[in-house]
Amino acid sequence: MEQIAQLGTGIGWRPEIAEAVERMAGVAGGVDWVEVVAENVCPGHIAESLLRLRERGVTVVPHGVSLGLGGADRPDEQRLRSLAERAEALGAPLVTEHIAFVRAGGALTASPQLEAGHLLPVPRTRDALDVLCENVRIAQDALPVPLALENIAALINWPGEEMTEGQFLYDLVDRTGVRLLIDVANLHTNHVNRGEDPAKALDELPVEAIAYVHVAGGFERDGVWHDSHAHPVPQQVLDVLADLTSRVTPPGVLLERDDNFPEPGELERELRAIRGVLEKAEVRNPEKNALSAGPTPTAEAEPVARQRLGLAQAALLSALVAGTPVPEGFDRVRLGVQARALAAKRADVVAKVAPELPEILGPSYRPAFVAYAQGHPMADGYRRDALSFAEHVLLTGRPDDGDLLRELRRWWLERSGPAPLSQRPTARLARATRRVLLRR
(Lines give C-alpha, C1' and ligand atoms only; values in the text may rest on other atoms or scores of the structure.)
Protein backbone atom coordinates (compact mmCIF):
# COMPACT_ATOMS: atom_id res chain seq x y z
CA MET A 1 0.00 0.00 0.00
CA GLU A 2 1.43 3.37 -1.05
CA GLN A 3 2.45 5.87 1.62
CA ILE A 4 -0.29 8.47 2.02
CA ALA A 5 0.36 12.19 2.40
CA GLN A 6 0.72 13.59 5.92
CA LEU A 7 -2.03 16.20 6.11
CA GLY A 8 -2.24 17.43 9.69
CA THR A 9 -5.36 19.13 11.09
CA GLY A 10 -7.84 20.53 8.59
CA ILE A 11 -11.32 21.89 8.08
CA GLY A 12 -14.02 21.48 5.47
CA TRP A 13 -13.88 24.56 3.21
CA ARG A 14 -17.29 26.14 2.59
CA PRO A 15 -18.01 29.53 0.97
CA GLU A 16 -19.69 30.75 4.17
CA ILE A 17 -16.47 30.36 6.20
CA ALA A 18 -13.92 30.92 3.41
CA GLU A 19 -12.54 34.12 4.94
CA ALA A 20 -12.13 32.54 8.37
CA VAL A 21 -10.43 29.47 6.87
CA GLU A 22 -7.96 31.68 5.00
CA ARG A 23 -7.07 33.49 8.24
CA MET A 24 -6.52 30.18 10.04
CA ALA A 25 -4.57 28.51 7.22
CA GLY A 26 -0.86 28.18 7.75
CA VAL A 27 -1.02 29.70 11.25
CA ALA A 28 0.48 27.67 14.10
CA GLY A 29 -2.36 25.77 15.73
CA GLY A 30 -4.69 26.68 12.86
CA VAL A 31 -5.51 24.85 9.63
CA ASP A 32 -2.98 22.73 7.74
CA TRP A 33 -5.26 21.62 4.87
CA VAL A 34 -8.85 21.79 3.63
CA GLU A 35 -11.41 19.51 2.05
CA VAL A 36 -13.96 20.73 -0.51
CA VAL A 37 -17.12 19.07 -1.84
CA ALA A 38 -16.02 17.91 -5.29
CA GLU A 39 -19.36 18.58 -6.97
CA ASN A 40 -19.15 22.24 -5.89
CA VAL A 41 -15.87 22.80 -7.74
CA CYS A 42 -15.75 23.90 -11.38
CA PRO A 43 -12.24 23.15 -12.73
CA GLY A 44 -12.19 26.23 -14.97
CA HIS A 45 -13.66 28.56 -12.34
CA ILE A 46 -12.20 27.56 -8.98
CA ALA A 47 -13.19 29.89 -6.13
CA GLU A 48 -10.64 32.65 -5.53
CA SER A 49 -10.33 31.61 -1.88
CA LEU A 50 -9.30 28.08 -2.86
CA LEU A 51 -6.79 29.45 -5.37
CA ARG A 52 -5.25 31.65 -2.69
CA LEU A 53 -4.99 28.68 -0.35
CA ARG A 54 -3.30 26.62 -3.07
CA GLU A 55 -0.83 29.45 -3.77
CA ARG A 56 0.11 29.39 -0.07
CA GLY A 57 0.81 25.67 -0.28
CA VAL A 58 -2.34 24.52 1.52
CA THR A 59 -3.44 21.06 0.37
CA VAL A 60 -7.01 20.88 -1.00
CA VAL A 61 -8.71 17.46 -1.15
CA PRO A 62 -11.91 16.97 -3.25
CA HIS A 63 -14.58 14.97 -1.41
CA GLY A 64 -17.25 13.44 -3.68
CA VAL A 65 -20.85 12.84 -2.66
CA SER A 66 -22.61 11.63 -5.83
CA LEU A 67 -20.60 8.74 -7.30
CA GLY A 68 -22.60 6.05 -5.49
CA LEU A 69 -19.94 3.31 -5.57
CA GLY A 70 -22.13 1.14 -3.34
CA GLY A 71 -24.92 1.13 -5.93
CA ALA A 72 -25.71 -1.84 -8.15
CA ASP A 73 -24.70 -0.11 -11.39
CA ARG A 74 -21.14 0.37 -12.57
CA PRO A 75 -19.75 3.84 -11.85
CA ASP A 76 -20.83 6.50 -14.29
CA GLU A 77 -17.91 7.34 -16.61
CA GLN A 78 -18.73 11.04 -16.77
CA ARG A 79 -18.88 11.34 -12.99
CA LEU A 80 -15.50 9.62 -12.75
CA ARG A 81 -14.01 11.97 -15.37
CA SER A 82 -15.38 14.95 -13.46
CA LEU A 83 -13.87 13.74 -10.19
CA ALA A 84 -10.52 13.15 -11.90
CA GLU A 85 -10.60 16.66 -13.41
CA ARG A 86 -11.21 18.21 -10.01
CA ALA A 87 -8.35 16.26 -8.43
CA GLU A 88 -5.98 17.47 -11.14
CA ALA A 89 -7.25 21.08 -11.05
CA LEU A 90 -6.69 21.23 -7.28
CA GLY A 91 -3.37 19.39 -7.32
CA ALA A 92 -4.81 16.99 -4.76
CA PRO A 93 -2.78 14.07 -3.36
CA LEU A 94 -5.93 11.92 -3.16
CA VAL A 95 -9.71 12.02 -3.65
CA THR A 96 -12.41 10.68 -1.33
CA GLU A 97 -15.94 9.32 -1.68
CA HIS A 98 -18.41 7.27 0.35
CA ILE A 99 -19.39 3.64 0.83
CA ALA A 100 -22.99 4.30 -0.06
CA PHE A 101 -25.61 4.26 -2.78
CA VAL A 102 -27.38 7.43 -3.86
CA ARG A 103 -29.63 6.22 -6.68
CA ALA A 104 -31.39 3.01 -7.66
CA GLY A 105 -33.63 1.57 -10.35
CA GLY A 106 -33.10 2.11 -14.06
CA ALA A 107 -32.27 -0.43 -16.76
CA LEU A 108 -30.79 -3.00 -14.37
CA THR A 109 -34.14 -3.43 -12.61
CA ALA A 110 -36.46 -2.29 -15.44
CA SER A 111 -37.88 0.38 -13.16
CA PRO A 112 -37.72 4.19 -13.00
CA GLN A 113 -34.42 5.54 -11.72
CA LEU A 114 -34.78 7.27 -8.37
CA GLU A 115 -32.41 9.71 -6.66
CA ALA A 116 -32.03 9.70 -2.89
CA GLY A 117 -30.40 13.11 -2.60
CA HIS A 118 -28.54 11.55 0.31
CA LEU A 119 -26.02 8.84 1.17
CA LEU A 120 -27.72 5.52 1.99
CA PRO A 121 -26.08 2.43 3.53
CA VAL A 122 -25.27 -0.65 1.49
CA PRO A 123 -26.14 -4.05 2.94
CA ARG A 124 -23.15 -5.81 4.47
CA THR A 125 -23.56 -8.91 2.34
CA ARG A 126 -21.28 -10.85 -0.01
CA ASP A 127 -23.25 -9.65 -3.04
CA ALA A 128 -22.90 -6.02 -2.01
CA LEU A 129 -19.19 -6.46 -1.21
CA ASP A 130 -18.49 -8.09 -4.58
CA VAL A 131 -20.24 -5.26 -6.42
CA LEU A 132 -18.56 -2.58 -4.32
CA CYS A 133 -15.08 -4.06 -4.85
CA GLU A 134 -15.56 -4.15 -8.62
CA ASN A 135 -16.89 -0.59 -8.64
CA VAL A 136 -13.92 0.56 -6.54
CA ARG A 137 -11.44 -1.04 -8.94
CA ILE A 138 -13.16 0.69 -11.88
CA ALA A 139 -12.90 4.01 -10.04
CA GLN A 140 -9.26 3.46 -9.08
CA ASP A 141 -8.35 2.82 -12.72
CA ALA A 142 -10.08 6.06 -13.78
CA LEU A 143 -8.61 8.38 -11.13
CA PRO A 144 -5.16 9.99 -11.32
CA VAL A 145 -4.57 9.83 -7.54
CA PRO A 146 -5.35 7.34 -4.73
CA LEU A 147 -8.95 6.91 -3.61
CA ALA A 148 -10.18 6.77 0.00
CA LEU A 149 -13.69 5.76 1.01
CA GLU A 150 -15.73 6.95 3.99
CA ASN A 151 -17.94 4.94 6.30
CA ILE A 152 -21.36 6.61 6.50
CA ALA A 153 -23.92 7.25 9.23
CA ALA A 154 -27.18 5.36 9.00
CA LEU A 155 -30.62 5.35 10.57
CA ILE A 156 -31.64 1.93 9.29
CA ASN A 157 -30.39 -1.65 9.35
CA TRP A 158 -30.59 -3.97 6.36
CA PRO A 159 -32.11 -7.38 7.19
CA GLY A 160 -29.94 -10.44 6.61
CA GLU A 161 -26.55 -8.76 6.91
CA GLU A 162 -23.61 -11.18 6.88
CA MET A 163 -20.76 -9.02 8.25
CA THR A 164 -20.07 -6.33 10.79
CA GLU A 165 -18.94 -2.85 9.74
CA GLY A 166 -15.31 -3.65 10.61
CA GLN A 167 -15.31 -6.96 8.74
CA PHE A 168 -16.89 -5.36 5.68
CA LEU A 169 -14.27 -2.57 5.62
CA TYR A 170 -11.41 -5.00 6.24
CA ASP A 171 -12.41 -7.19 3.28
CA LEU A 172 -12.93 -4.14 1.07
CA VAL A 173 -9.40 -2.88 1.77
CA ASP A 174 -7.85 -6.34 1.51
CA ARG A 175 -9.43 -6.98 -1.89
CA THR A 176 -8.93 -3.55 -3.49
CA GLY A 177 -6.12 -1.77 -1.65
CA VAL A 178 -8.39 1.27 -1.27
CA ARG A 179 -7.69 3.71 1.56
CA LEU A 180 -10.22 4.54 4.27
CA LEU A 181 -11.63 7.86 5.43
CA ILE A 182 -12.93 7.04 8.90
CA ASP A 183 -15.63 9.35 10.22
CA VAL A 184 -15.66 8.99 14.00
CA ALA A 185 -18.92 10.97 14.21
CA ASN A 186 -20.52 8.35 11.96
CA LEU A 187 -19.23 5.57 14.23
CA HIS A 188 -20.93 7.32 17.15
CA THR A 189 -24.11 7.83 15.10
CA ASN A 190 -24.24 4.12 14.27
CA HIS A 191 -23.67 3.32 17.94
CA VAL A 192 -26.80 5.26 18.94
CA ASN A 193 -28.98 4.37 15.95
CA ARG A 194 -27.91 0.80 15.22
CA GLY A 195 -26.45 -0.42 18.49
CA GLU A 196 -22.97 -0.89 16.99
CA ASP A 197 -19.96 -0.58 19.29
CA PRO A 198 -17.37 1.90 17.89
CA ALA A 199 -14.55 0.11 19.74
CA LYS A 200 -15.48 -3.21 18.10
CA ALA A 201 -15.49 -1.58 14.67
CA LEU A 202 -12.05 -0.08 15.36
CA ASP A 203 -10.82 -3.50 16.58
CA GLU A 204 -11.80 -5.09 13.27
CA LEU A 205 -10.94 -2.52 10.64
CA PRO A 206 -7.43 -2.09 9.17
CA VAL A 207 -6.34 1.14 10.85
CA GLU A 208 -3.12 1.21 8.82
CA ALA A 209 -5.26 1.90 5.73
CA ILE A 210 -6.63 5.18 7.12
CA ALA A 211 -5.97 8.19 4.88
CA TYR A 212 -7.58 10.67 7.26
CA VAL A 213 -10.38 11.11 9.79
CA HIS A 214 -13.58 13.18 9.87
CA VAL A 215 -14.89 14.77 13.07
CA ALA A 216 -18.33 16.41 13.14
CA GLY A 217 -21.21 17.41 15.39
CA GLY A 218 -24.81 16.29 15.64
CA PHE A 219 -27.67 15.97 18.10
CA GLU A 220 -29.94 13.34 19.62
CA ARG A 221 -33.73 13.52 19.46
CA ASP A 222 -36.16 10.81 20.59
CA GLY A 223 -33.39 8.21 20.74
CA VAL A 224 -32.13 8.95 17.22
CA TRP A 225 -28.77 10.62 16.59
CA HIS A 226 -28.83 13.08 13.70
CA ASP A 227 -25.45 13.57 12.03
CA SER A 228 -26.21 17.21 11.24
CA HIS A 229 -22.74 18.71 10.65
CA ALA A 230 -24.41 21.85 12.02
CA HIS A 231 -23.72 21.50 15.74
CA PRO A 232 -20.60 21.55 17.94
CA VAL A 233 -18.57 18.34 18.18
CA PRO A 234 -19.77 16.52 21.33
CA GLN A 235 -17.51 14.80 23.84
CA GLN A 236 -18.78 11.35 22.75
CA VAL A 237 -17.31 11.91 19.26
CA LEU A 238 -14.03 13.17 20.70
CA ASP A 239 -13.93 10.00 22.82
CA VAL A 240 -14.18 7.83 19.68
CA LEU A 241 -11.40 9.93 18.14
CA ALA A 242 -9.28 9.30 21.23
CA ASP A 243 -9.89 5.55 20.92
CA LEU A 244 -8.87 5.62 17.27
CA THR A 245 -5.71 7.65 17.92
CA SER A 246 -4.69 5.20 20.65
CA ARG A 247 -4.43 2.60 17.87
CA VAL A 248 -2.82 4.62 15.07
CA THR A 249 -1.61 8.13 14.32
CA PRO A 250 -3.86 9.17 11.42
CA PRO A 251 -2.21 11.12 8.56
CA GLY A 252 -4.90 13.78 8.90
CA VAL A 253 -7.93 14.81 10.93
CA LEU A 254 -10.58 17.20 9.60
CA LEU A 255 -13.42 19.17 11.21
CA GLU A 256 -16.63 19.14 9.16
CA ARG A 257 -19.25 21.89 9.37
CA ASP A 258 -21.91 22.24 6.66
CA ASP A 259 -24.51 24.58 8.13
CA ASN A 260 -25.34 26.87 11.06
CA PHE A 261 -21.80 28.22 10.89
CA PRO A 262 -20.51 29.68 14.18
CA GLU A 263 -18.16 32.60 14.71
CA PRO A 264 -14.52 31.92 13.72
CA GLY A 265 -13.54 31.75 17.38
CA GLU A 266 -15.84 28.76 17.91
CA LEU A 267 -14.31 26.93 14.94
CA GLU A 268 -10.86 27.62 16.36
CA ARG A 269 -11.93 26.21 19.75
CA GLU A 270 -13.18 23.02 18.10
CA LEU A 271 -9.92 22.66 16.18
CA ARG A 272 -7.99 23.11 19.44
CA ALA A 273 -10.09 20.38 21.07
CA ILE A 274 -9.27 18.02 18.19
CA ARG A 275 -5.56 18.88 18.41
CA GLY A 276 -5.73 18.27 22.16
CA VAL A 277 -6.97 14.71 21.59
CA LEU A 278 -4.18 14.09 19.08
CA GLU A 279 -1.50 15.46 21.39
CA LYS A 280 -2.64 13.27 24.30
CA ALA A 281 -2.73 10.10 22.23
CA GLU A 282 -0.33 7.33 23.16
CA VAL A 283 -0.40 4.87 20.28
CA ARG A 284 -0.55 1.24 21.30
CA ASN A 285 -0.33 -1.68 18.88
CA PRO A 286 -3.27 -4.00 19.40
CA GLU A 287 -3.05 -7.40 17.78
CA LYS A 288 -4.83 -7.52 14.46
CA ASN A 289 -4.93 -9.62 11.35
CA ALA A 290 -2.37 -8.42 8.83
CA LEU A 291 -3.48 -7.25 5.42
CA SER A 292 -2.05 -8.94 2.38
CA ALA A 293 0.95 -7.29 0.70
CA GLY A 294 -1.26 -6.05 -2.12
CA PRO A 295 -4.86 -6.20 -3.33
CA THR A 296 -6.22 -9.74 -3.48
CA PRO A 297 -7.18 -10.62 -7.09
CA THR A 298 -10.87 -11.44 -7.27
CA ALA A 299 -13.30 -12.18 -10.06
CA GLU A 300 -15.76 -9.60 -11.34
CA ALA A 301 -19.10 -9.38 -9.59
CA GLU A 302 -21.61 -11.76 -11.11
CA PRO A 303 -24.36 -10.01 -13.12
CA VAL A 304 -26.93 -11.76 -10.94
CA ALA A 305 -25.30 -10.21 -7.83
CA ARG A 306 -25.70 -6.75 -9.35
CA GLN A 307 -29.32 -7.48 -10.20
CA ARG A 308 -30.14 -8.83 -6.72
CA LEU A 309 -28.52 -5.80 -5.13
CA GLY A 310 -30.23 -3.46 -7.59
CA LEU A 311 -33.68 -4.86 -6.86
CA ALA A 312 -33.14 -4.62 -3.11
CA GLN A 313 -31.85 -1.05 -3.27
CA ALA A 314 -34.64 0.05 -5.63
CA ALA A 315 -37.31 -1.38 -3.31
CA LEU A 316 -35.79 0.40 -0.30
CA LEU A 317 -35.34 3.73 -2.06
CA SER A 318 -38.85 3.60 -3.51
CA ALA A 319 -40.25 3.07 0.00
CA LEU A 320 -38.23 6.05 1.25
CA VAL A 321 -39.00 8.58 -1.49
CA ALA A 322 -42.09 7.33 -3.34
CA GLY A 323 -44.28 5.97 -0.57
CA THR A 324 -44.31 2.35 -1.79
CA PRO A 325 -44.66 -0.50 0.74
CA VAL A 326 -41.80 -1.09 3.18
CA PRO A 327 -39.69 -4.08 2.05
CA GLU A 328 -39.86 -7.14 4.28
CA GLY A 329 -37.49 -7.16 7.23
CA PHE A 330 -37.04 -3.40 7.63
CA ASP A 331 -38.12 -1.45 10.69
CA ARG A 332 -41.13 0.61 9.58
CA VAL A 333 -40.63 3.24 12.26
CA ARG A 334 -36.97 3.77 11.36
CA LEU A 335 -37.82 3.89 7.66
CA GLY A 336 -40.38 6.58 8.46
CA VAL A 337 -37.71 8.59 10.30
CA GLN A 338 -35.33 8.17 7.35
CA ALA A 339 -38.01 9.16 4.83
CA ARG A 340 -38.81 12.34 6.75
CA ALA A 341 -35.10 13.11 7.05
CA LEU A 342 -34.67 12.74 3.28
CA ALA A 343 -37.65 15.01 2.61
CA ALA A 344 -36.32 17.60 5.08
CA LYS A 345 -32.89 17.54 3.45
CA ARG A 346 -34.46 17.99 0.02
CA ALA A 347 -36.38 20.98 1.36
CA ASP A 348 -33.18 22.49 2.76
CA VAL A 349 -31.16 22.00 -0.44
CA VAL A 350 -33.95 23.29 -2.69
CA ALA A 351 -34.19 26.36 -0.44
CA LYS A 352 -30.48 27.00 -1.11
CA VAL A 353 -30.72 26.32 -4.85
CA ALA A 354 -33.88 28.46 -5.22
CA PRO A 355 -33.93 30.84 -2.21
CA GLU A 356 -36.88 32.74 -3.72
CA LEU A 357 -39.22 29.84 -2.90
CA PRO A 358 -39.05 30.14 0.91
CA GLU A 359 -39.15 33.92 0.51
CA ILE A 360 -42.36 33.74 -1.57
CA LEU A 361 -44.08 30.99 0.42
CA GLY A 362 -42.90 32.08 3.87
CA PRO A 363 -43.68 29.72 6.76
CA SER A 364 -45.73 27.48 4.49
CA TYR A 365 -42.70 26.56 2.35
CA ARG A 366 -41.27 23.76 4.47
CA PRO A 367 -44.49 21.85 5.32
CA ALA A 368 -45.65 22.25 1.72
CA PHE A 369 -42.39 20.88 0.35
CA VAL A 370 -42.23 17.95 2.78
CA ALA A 371 -45.80 16.99 1.86
CA TYR A 372 -44.90 17.28 -1.84
CA ALA A 373 -41.73 15.17 -1.43
CA GLN A 374 -43.63 12.23 0.06
CA GLY A 375 -45.27 11.46 -3.28
CA HIS A 376 -42.90 13.06 -5.78
CA PRO A 377 -39.43 11.45 -5.94
CA MET A 378 -36.52 13.56 -7.17
CA ALA A 379 -35.35 12.31 -10.55
CA ASP A 380 -33.32 15.07 -12.18
CA GLY A 381 -31.40 17.13 -9.63
CA TYR A 382 -32.33 19.89 -7.21
CA ARG A 383 -32.92 22.69 -9.76
CA ARG A 384 -35.51 20.63 -11.59
CA ASP A 385 -36.91 19.64 -8.18
CA ALA A 386 -37.44 23.32 -7.32
CA LEU A 387 -39.36 23.93 -10.56
CA SER A 388 -41.43 20.76 -10.14
CA PHE A 389 -42.36 21.75 -6.59
CA ALA A 390 -43.43 25.24 -7.72
CA GLU A 391 -45.49 23.67 -10.50
CA HIS A 392 -47.14 21.36 -7.98
CA VAL A 393 -48.10 24.30 -5.76
CA LEU A 394 -49.56 26.17 -8.73
CA LEU A 395 -51.51 23.13 -9.91
CA THR A 396 -53.01 22.43 -6.50
CA GLY A 397 -53.53 26.08 -5.62
CA ARG A 398 -52.30 25.54 -2.08
CA PRO A 399 -51.64 27.53 -0.01
CA ASP A 400 -54.85 29.34 -0.94
CA ASP A 401 -53.40 32.85 -1.21
CA GLY A 402 -53.97 34.69 -4.47
CA ASP A 403 -51.14 37.22 -4.08
CA LEU A 404 -48.67 34.52 -3.10
CA LEU A 405 -49.65 32.27 -6.03
CA ARG A 406 -49.36 35.17 -8.50
CA GLU A 407 -45.83 35.91 -7.29
CA LEU A 408 -44.94 32.20 -7.49
CA ARG A 409 -46.41 32.04 -11.00
CA ARG A 410 -44.18 34.93 -12.10
CA TRP A 411 -41.14 33.18 -10.65
CA TRP A 412 -42.05 29.92 -12.38
CA LEU A 413 -42.68 31.63 -15.73
CA GLU A 414 -39.26 33.29 -15.69
CA ARG A 415 -37.56 29.91 -15.37
CA SER A 416 -39.80 27.36 -17.02
CA GLY A 417 -42.21 28.65 -19.65
CA PRO A 418 -46.03 28.77 -19.84
CA ALA A 419 -47.65 28.50 -16.41
CA PRO A 420 -49.31 25.17 -15.63
CA LEU A 421 -53.07 24.98 -15.47
CA SER A 422 -54.61 24.35 -12.08
CA GLN A 423 -56.35 20.98 -11.61
CA ARG A 424 -58.72 22.22 -8.89
CA PRO A 425 -62.35 21.50 -9.89
CA THR A 426 -63.38 25.15 -9.46
CA ALA A 427 -60.51 26.35 -11.61
CA ARG A 428 -61.26 23.75 -14.29
CA LEU A 429 -64.91 24.82 -14.31
CA ALA A 430 -63.87 28.47 -14.65
CA ARG A 431 -61.60 27.61 -17.59
CA ALA A 432 -64.37 25.68 -19.33
CA THR A 433 -66.78 28.57 -18.76
CA ARG A 434 -64.27 31.03 -20.24
CA ARG A 435 -63.79 28.81 -23.31
CA VAL A 436 -67.58 28.67 -23.84
CA LEU A 437 -67.88 32.45 -23.46
CA LEU A 438 -64.98 33.05 -25.85
CA ARG A 439 -66.60 30.86 -28.52
CA ARG A 440 -69.83 32.90 -28.34
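Residues numbered from 1 in each chain as written. Predicted model: local features only at pLDDT ≥ 70, side-chain atom pairs only at ≥ 80, totals over all residues. Heavy atoms only, no water.

**A short note on helix H10 (residues 303-321)**
Argument step 1. An ideal rise of 1.5 Å per residue puts 27 Å on 19 residues; H10 measures up with 26 Å between its terminal C-alpha atoms.
Argument step 2. Those residues of H10 not exposed but buried are Ala305, Arg306, Leu309, Gly310, Gln313, Ala314, Leu316, Leu317, Ser318, Ala319, Leu320 and Val321.
Argument step 3. Here the buried face of H10 lies against strand S5 (101-106), strand S6 (111-120), helix H4 (126-142), helix H11 (332-353) and helix H13 (365-373).
Argument step 4. Two residues or fewer past H10, Gly323 is found with a positive phi of approximately 75 degrees. (Helix = DSSP H or I, 4+ residues; strand = E, 2+ residues; numbered from the N terminus. Expected span 1.5 Å × (residues − 1). Buried < 20%, exposed > 50% of the residue type's maximum accessible area, 1.4 Å probe, protein only. Contact = heavy atoms within 4.5 Å.)

**Digging into the packing of aromatic side chains**
Argument step 1. As enumerated under the stated definition, the model contains seven aromatic pairs in all.
Argument step 2. Residues Trp33 and Tyr212 carry aromatic rings whose centres are separated by 4.7 Å and whose planes lie at 75 degrees to one another, so their mutual orientation is edge-to-face. Of this pair, Trp33 sits in strand S2 (residues 33-37) while Tyr212 sits in strand S9 (residues 210-215), and the two are 179 residues apart along the sequence.
Argument step 3. The class for Tyr212 is buried, based on a relative accessible area of 0%.
Argument step 4. A connected cluster of aromatic rings, assembled from ring pairs, spans Tyr365, Phe369, Tyr372 and Phe389. (Phe/Tyr/Trp six-rings, centres within 6.5 Å; stacked < 30°, edge-to-face > 60°.)

**Details of the pairing of S5**
Within a regular strand, side chains alternate between the sheet's two faces.
Argument step 1. Counting buried residues in S5 gives six out of six residues, a clear majority hidden from the surface.
Argument step 2. The turn linking S5 back onto S6 is made up of four residues, and Ala110 within it adopts a positive phi angle of 50 degrees. (Pairing = 2+ DSSP bridges.)

**Comments concerning the pairing of strand S1 (residues 8-12)**
Argument step 1. In terms of residue burial, S1 counts as a mostly covered element, since four of its five residues are buried.
Argument step 2. Two elements, S1 and strand S12 (residues 252-255), share four bridges in a ladder whose sense is parallel. From the neighbouring strand, Ile11 faces S12, where its bridge partner is Leu255.
Argument step 3. In this structure, S1 lies alongside S2, joined through three bridges in parallel fashion. Considered in S2, the bridge of Gly12 is made with Glu35.
Argument step 4. You can see the chain leave S1, run along helix H1 (residues 18-24) and come back into S2, and the turn it takes is right-handed. (Right-handed = clockwise from strand over helix to strand, strands pointing away.)

**Thoughts on the nonpolar core**
Argument step 1. Ile11, Val34, Leu147, Leu172, Val215 and Leu241 are the most contacted members of the largest nonpolar core, which has 89 residues in total.
Argument step 2. No other element matches the six residues that H10 contributes to this core.
Argument step 3. Look past the residues within four positions of Val34 in its chain and what remains in contact with it is Ile11, Trp13, Val21, Leu50, Leu53, Val58, Thr59, Val60, Val61 and Leu254. (Core = buried A, V, L, I, M, F, W, Y, C linked by side-chain atoms within 4.5 Å.)

**Overview of the confidence of the model for the protein chain**
Argument step 1. Across the protein chain, pLDDT averages 90, with 91% of residues at or above 70.
Argument step 2. Across residues 433-440, confidence stays below pLDDT 50; counting only partners more than four residues off in sequence or on other chains, it has zero contacts. (pLDDT = per-residue confidence, 0-100.)

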